[in-house]
Amino acid sequence: MSKTLVLVDGSYYLFRAYHVQQLQRFRTANDEPTGAIFGVMNMLHKLLKDYDPEHFAVVFDARGKSFRNDLYEEYKANRAPIPEDLECQFEPLHEIIRAEGFPMLMIDGVEADDVIATLAARAVEKGFDVVISTGDKDLAQIVNDHIILINTMTDTVLDPAGVEEKFGVPPERIVDYLALVGDSVDNIPGVPKVGPKTAARWLKQYGSLDGVIEHADEIKGKVGDYLRDSLDRLPLSRELVTLKSDLELALKPENLIRDEPDVETLLDHFRRWEFNSWIKQLPINAEDDNDNAGDDNSGKPGDYEIIFTAEGLDRWIKVLEKASLFAFDTETTSLNYMIAEIVGVSFSTISGSAAYVPLAHDYDGAPKQLDRNDVLKRLSSVLSSDKRKKLGHNLKYDQSVLANYGIELNGIEHDSMLESYVLNSTASRHDMDSLAQKYLNIRTTHYEEVAGKGAKQVPFNKVPVEIAGPYAAEDADITLRLHETLWPRLSEEKNLKEIYQHMEVPLLSILSRMERNGVMIDVEMLHEQSRELTGRMAEIEEHAHNITGETFNIGSPKQIQAILYEKMELPVISKTPKGQPSTAEAVLQDLADQGYELPRLILDHRAMSKLKSTYTDRLPGMINASTGRVHTSYHQAVAATGRLSSSDPNLQNIPIRSPEGRKIRRAFIAPPGYALLAADYSQIELRIMAHLSGDKSLLKAFEQGEDIHRATASEVFDTELDEVTSEQRRSAKAINFGLIYGMSAWGLARQLGIDRGAAKEYVDRYFERYPGVKQYMDDTRERARELGYVETVFGRRLYLPEINARNVQRRQYAERTAINAPMQGTAADIIKKAMLGIDREILGSGKDIKMIMQVHDELIFEAPEDTVEEMTERIAGLMAGAAELSVPLEVETGIGANWDEAH
């Protein structure tokens, strides 16, 4: 019996995984992308499970050019640069593959396909059968009786007959076929207008590419003219697509043997990249103490019911009315709460049991369902009752959707997403599927499994009821099971329980109302800003062309790389994983700080392009047709520190340092008769630092109402307060904010444009004048190492899994986070407390005022012009009184017709 060698086209796996839409959302708590790593490793594990080969290797393209570039300079010239959020995953993926014990190859000067072709040929000579896992058509040319291709994405196998069936030609004619068809991605010329069917027909008729060339004069029509015009290029095309199967490789096929995994290294990587479900699969007991799920929830299928009758609904309503707590979930047509229509609802009162009521499945052949309006009317008394306690997973969404139907969801007691988030914001993602796997050891049915993926995905109302029912009922059941697992853990921690019950859960409803309030947008102003940005970008591009003396695409990283480093010979500060000079923003900023004009122009162009595409072009299209307003989504369970984030649109990222960014805020307007009121905490994180550190000089400066940056400048530069220059104040401001974010002397030097020695002297002098701050930082780092977490003033925790990591960079990042997180987190807690107080004292009192936005430390309201000044005073007082610190909280307010005026 012959042995089998399995070869994996790692580069194909990598790019395929990156472009799977749901994997693009995989990110760590620090917003680092991990989807490609996750996808590739899952594919590798599935492959090994299916084939379990002893001989195995993963082959990647090496960095840099191959011999084909020597043959044809334009080879692959059309390829877009590798996205940065993919490129940064290369190295960790390679390290994980090696730690798994998988042989991995990258050979300079040739491509992965050539390495695979060579290994396959040699393996067959040694008596192996070869299985190549890829989706690359080029490898079809080496298929024979002992070499097959498999595509794990489509579960298809290509043997010689399969190749001929798919391409219309046998494997030995694939090279000729590819030469005729060409490849726009790799920039292989081919014959214009000749597609797969024409190429296959010609090769079948004339036997080979040489035969086609020989009979070129016989081929009629326009396509014949194209062929004859291409005759001189076809030999080159054939050479470019022909794989080299005779490379000199040090490794022999028989030596490609899987090794034992390096469990310790894998554990480090899985923790680092937050692959928590994989940790449980490692042969260790290190994680057993915290996260293992109880045996009672070990994945038993639920007892799920689909309700089609009024009698069944009545029975369940009685159950809900008697329940001390029930899980509730809606299934809808959209993730956009403003336009989502309810397709069905589900409930669960007992773990393992749940029901789904389909209401609006409308595909051909759909069964008769209860009337949606009647059902919602019958449920409204239960849903709107404060006495009937509800549980959900991201109930804010369900609350907003129900509001569209005139139902106010009250009695919100628990939210399993928020339970997980407050318990440990960094332990995992807080979506239901991830939490079920982590805490219950249950793999839930994923949405894509019932609704399809990508272009084939259908809205939920088109999903057959018999498939939708168990999926929807499971959502309610799993929500209840998660609560029964998480709530006891949360209840053991007094501070966390307090934050959850009295901050996060009540905030949920406030955010739902704020989202639905929305904000008015001046569309014509945005259109005008788009035109201005277009003109300004054109001016920048023209200036850049004048500087360089040639025309180039300022938005193309490949072209600006050539201009900056080859033509202008600017210093190479950093390289990409492929060894190319980097054009990342931080690198361009470094070059701009060194006085180079072109990098600054490129940065300005990028910033304006982002403003245009993200805001001025996009916001008008986001206006809701019914309300005439833009409605963002606020997320409570994303930022590790407790801060809110927002999306569609992301209001947190509108830049305010540039005039163009500030101008966008002018388009956020008040309706006639109303004004916008903005209230912003002043230097809140520095005040929190003063409170936490207890530094006497810092406390004194705030207590006396001094300009804190001027006060710091006076201390650091040993200058009388009234003699501090604006430049000294600017430097002091950079020091004040830089240090609480963990900035090093090197970072400060770069920001201030001074040498590192001078920056270090500033930092040293700062700590001499503010010794309490230095002591706080040292104590915080030490405490974080001991406990593995830090806390806010109110007891919110931020776990730091890498605070004791062996990797210096990761450990230092965790240390910087340890210092900053208590300040960011406390600021987040304070503004949440302020929102709760304002809602209770003002918004809930029937006053004609709306809270419409929260951005960082700022709240924005919409109030009648005749009462807005009165409201301003009350809101500022409530915000200032939201917490008692060692220094007073100060609130800056403003009123205007638009957000920029009010800010």
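Conventions and cut-offs
- Residues numbered from 1 in each chain as written.
- Predicted model: local features only at pLDDT ≥ 70, side-chain atom pairs only at ≥ 80, totals over all residues.
- Heavy atoms only, no water.
- Helix = DSSP H or I, 4+ residues; strand = E, 2+ residues; numbered from the N terminus.
- Rg over C-alpha atoms; globule rule 2.2 N^0.38 Å.
- Buried < 20%, exposed > 50% of the residue type's maximum accessible area, 1.4 Å probe, protein only.
- Contact = heavy atoms within 4.5 Å.
- Areas by Shrake-Rupley, 256 points an atom, 1.4 Å probe, with all protein chains shown as cover.
- Core = buried A, V, L, I, M, F, W, Y, C linked by side-chain atoms within 4.5 Å.
- Polar contact = N/O pair within 3.5 Å; in protein donor to acceptor, adjacent residues only side chain to side chain.
- Pairing = 2+ DSSP bridges.
- Phe/Tyr/Trp six-rings, centres within 6.5 Å; stacked < 30°, edge-to-face > 60°.
- Lys NZ or Arg CZ within 6 Å of the ring centre and 35° of its normal.
- Axes fitted to C-alpha atoms, helices over the stretch in contact; angles between N-to-C directions.
- Parallel < 35°, antiparallel > 145°, perpendicular 65-115°, else oblique.
- Left-handed = near helix turned anticlockwise from the far one by under 90°.
- Nonpolar A, V, L, I, M, F, W, Y, C, P; charged D, E, K, R; others polar.
- pLDDT = per-residue confidence, 0-100.
- Expected span 1.5 Å × (residues − 1).
- Bend = angle between axes of the 7 residues up to and from the residue.
- Arc of directions from axis to C-beta.
- Salt bridge = Lys/Arg side-chain N within 4 Å of Asp/Glu carboxyl O.

Engineer: Hey, could you run me through the overall build of the protein chain in this one?
Structural biologist: Each helix and strand counted, the protein chain has 37 helices and 23 strands in total. The C-alpha atoms of the protein chain give 31 Å as radius of gyration, which agrees with the globular expectation for 903 residues (29 Å, within 12%). C-alpha atoms of the protein chain, sized along the principal axes, occupy 90 × 80 × 60 Å. For the protein chain, buried positions account for 52% of its 903 residues. Pairs at least 24 residues apart make up 67% of the contacts formed inside the protein chain by residues separated by at least 6 positions. Carbon together with sulfur atoms contributes 46% to the accessible area of the protein chain, which is approximately 41,000 Å² in total.

Engineer: Explain the nonpolar core to me, please; I cannot follow it from the model alone.
Structural biologist: Across soluble globular proteins, you tend to see nonpolar side chains buried next to one another. Core analysis: the largest hydrophobic core is formed by 166 residues, its most contacted members being Val357, Phe668, Tyr681, Ile830, Met853, Ile875 and Met879. Considering each element in turn, this core owes the most residues, 10 residues, to helix 22 (residues 494-517). Ignoring any residue separated from it by four or fewer positions in sequence, one finds Met879 in contact with Ala679, Asp680, Tyr681, Ala834, Ile838, Asp857, Leu859, Leu889 and Val891. Grouped together as the second largest cluster of nonpolar side chains are 53 residues, Ala123, Phe167, Leu178 and Leu256 included.

Engineer: Help me understand the side chain of Thr780 in this model?
Structural biologist: In this fold, Thr780 is placed in helix 34 (residues 771-787). Here the side chain of Thr780 touches Tyr776 through a polar contact of 2.7 Å, landing on its backbone oxygen. Thr780 has contacts with Val790, Ala818 and Ile819, leaving out every residue within four places of it along the chain.

Engineer: Teacher, can you tell me more about the sheet that holds strand 17 (residues 668-669) here?
Structural biologist: Across a sheet, strands are paired by hydrogen bonds formed along the backbone, either parallel or antiparallel in direction. Pairing in this open sheet of 3 strands is antiparallel, and the strands run 14-13-17 from one edge to the other. Each end of this open sheet is capped by a strand with a single partner; those strands are strand 14 (629-630) and strand 17. In terms of strand pairing, strand 13 (residues 519-521) meets strand 17 through 2 bridges, oriented antiparallel. By the bridge assignment, Ile521 is partnered in strand 17 with Phe668.

Engineer: Hey, could you run me through the sheet that holds strand 3 (residues 104-105) in this one?
Structural biologist: Taken together, 6 strands build an open sheet; the order of strands is 3-2-1-4-5-6 and the sheet is mixed. With one partner strand each, in any of the chains shown, strand 3 and strand 6 (156-158) form the two edges of the open sheet. Here strand 4 (residues 128-133) pairs with strand 5 (residues 147-151) via 4 bridges, running parallel. Each residue of the ladder has a partner; that of Val130, found in strand 5, is Ile147.

Engineer: Help me understand the packing of aromatic side chains in this model?
Structural biologist: Aromatic ring pairs are defined here through the distance separating the ring centres and the angle between the ring planes. Evaluation of the coordinates by the stated rule reveals 17 aromatic pairs. Ring geometry for Phe270 versus Trp278: centroids 5.3 Å apart, planes at 70°, classification edge-to-face. Judged on exposure class, the residue Phe270 and its partner Trp278 are both buried. Note on Tyr447 and Tyr471: the rings are 6.2 Å apart at their centroids and 65° apart in plane angle, and the pair reads as edge-to-face. Here Tyr447, found in helix 20 (residues 447-451), pairs with Tyr471, found in helix 21 (residues 465-491); they are 24 residues apart in sequence, far enough to count as distant. Taking the relative accessible area as the measure of exposure, Tyr447 reaches 26% and is therefore partly exposed. Clustering of aromatic rings is evident, with ring pairs tying together Phe38, Phe270, Phe275 and Trp278. For Arg665, the ring lying beneath its charged end belongs to Trp899, and the centroid distance is 3.9 Å. Here Arg797 stacks its cationic end above the ring of Tyr789, 4.4 Å away from the centre of that ring.

Engineer: I keep staring at the pairing of strand 4 and nothing clicks. Help me out?
Structural biologist: Looking down a regular strand, the side chains alternate between one sheet face and the other. Among the 6 residues of strand 4, 5 are classified as buried, and the element is accordingly described as predominantly covered. By the bridge criterion, 6 bridges tie strand 1 (residues 3-9) to strand 4 in an arrangement that is parallel. Paired with Val8 across the bridge in strand 4 is Ser133.

Engineer: What is the right way to look at the environment of Leu588 in this model?
Structural biologist: Following the sequence through the fold, Leu588 ends up in helix 25 (residues 585-593). Residue classification places Leu588 among the buried residues on the basis of a relative accessible area of 0%. Setting aside anything within four residues of it in sequence, one finds Leu588 in contact with Leu564, Thr583, Pro599, Ile602, Leu603 and Arg606.

Engineer: Would you take a moment to explain the environment of Leu564 for this structure?
Structural biologist: Within the element layout of this structure, Leu564 appears in helix 24 (residues 557-567). Relative accessible area serves as the criterion here: at 0%, Leu564 is assigned to the buried category. For the pair formed by Leu564 and Leu598, sequence separation is 34 residues and the distance between their alpha carbons is 8.0 Å.

Engineer: Explanation requested: the packing of helix 35 (residues 808-841) against helix 36 (residues 868-880) in the structure shown.
Structural biologist: Angle between the axes and distance between the axes: these two values describe a pair of packed helices. It is the contact of helix 35 with helix 36, at a shortest axis distance of 9 Å, that shows an interaxial angle of 135°. Here helix 36 runs oblique to helix 35, going by the angle between their axes. Between helix 35 and helix 36 the crossing geometry is right-handed. On the side of helix 35, the interface is formed by Ala834, Gly837, Ile838 and Glu841, while helix 36 contributes Arg874, Ile875, Leu878 and Met879. Across the contact of helix 35 with helix 36, the residue classes tally to 5 nonpolar, 1 polar and 2 charged.

Engineer: When you look at the confidence of the model for the protein chain in this model, what are you seeing that I'm missing?
Structural biologist: As a note on interpretation, predicted positions should not be read in detail where pLDDT is low. Scored by pLDDT, the protein chain has a mean of 89; 96% of the residues are at 70 or more. Confidence over residues 285-301 falls short of pLDDT 50; this stretch has 27 contacts with residues more than four positions distant or in other chains.

Engineer: For this particular structure, what's the right way to read helix 35?
Structural biologist: Given 3.6 residues to a turn, an α-helix orients residues that are three or four positions apart in the same direction. The end-to-end C-alpha separation of helix 35 is 49 Å, in line with the 50 Å expected for 34 residues at 1.5 Å each. Along its length, helix 35 reaches its greatest deviation from straightness, about 40°, at Asn820, and the proline Pro822 lies no more than four positions downstream. Helix 35 sits mainly inside the fold: 25 of its 34 residues count as buried. Near the N-terminus of helix 35, the side chain that reaches the backbone nitrogen of Arg810, with its oxygen 3.0 Å away, is that of Asn807.

Engineer: Hey, could you run me through helix 24 in this one?
Structural biologist: Among the residues of helix 24, Ile560, Gln561, Ile563, Leu564 and Tyr565 are the ones counted as buried. Within helix 24, the buried residues cover an arc of 170° as seen down the axis, which keeps them to one side. Of the surrounding elements, those touching the buried residues of helix 24 are helix 23 (523-548), helix 25 and helix 26 (597-616). Taken from the residues just after helix 24, Glu569 is the one with a positive phi, measuring 55°.

Engineer: Help me understand the pattern of salt bridges in this model?
Structural biologist: A pair can form between side chains of opposite charge whenever their charged atoms are brought close. The final tally for this structure, using the stated rule, is 51 salt bridges. Among the salt bridges present, the one from Glu532 reaches Lys663, with a minimum N-O distance of 2.5 Å. Of this pair, Glu532 sits in helix 23 while Lys663 sits in helix 27 (residues 659-665); the two residues are 131 residues apart in sequence, bridging distant segments of the chain. Residue Glu532 is classed as partly exposed on the basis of its relative accessible area of 35%.

Engineer: Whenever I open this one, the pairing of strand 9 (residues 342-350) confuses me. Can you help?
Structural biologist: Buried residues dominate strand 9, accounting for 7 of its 9 residues. With 6 bridges connecting them, strand 8 (residues 326-332) and strand 9 associate as antiparallel partners. Opposite Phe328, over in strand 9, you have Phe347 as the bridge partner. Bridge count for strand 9 against strand 10 (residues 353-358) is 5 bridges, and the pairing is antiparallel. Its bridge partner being in strand 10, Val345 is matched across the sheet by Val357.

Engineer: How should I be thinking about unusual backbone geometry in this particular structure?
Structural biologist: Leaving glycine aside, a negative phi is the common case for residues, and trans is the common case for peptide bonds. Cis peptide bonds are those with omega within 30 degrees of zero, and the linkage from Asp648 to Pro649 qualifies with 0°. Its location among the elements puts Pro649 in the loop between strand 16 (645-647) and helix 27. Even without being a glycine, Glu274 presents a positive backbone phi close to 65°. In this structure Glu274 comes out as buried when scored by relative accessible area, which is 18%. A positive phi angle, near 50°, is found at Asp718, a position not held by glycine. With respect to the helices, strands and loops of the structure, Asp718 is situated in the loop between helix 30 (708-716) and helix 31 (726-740).

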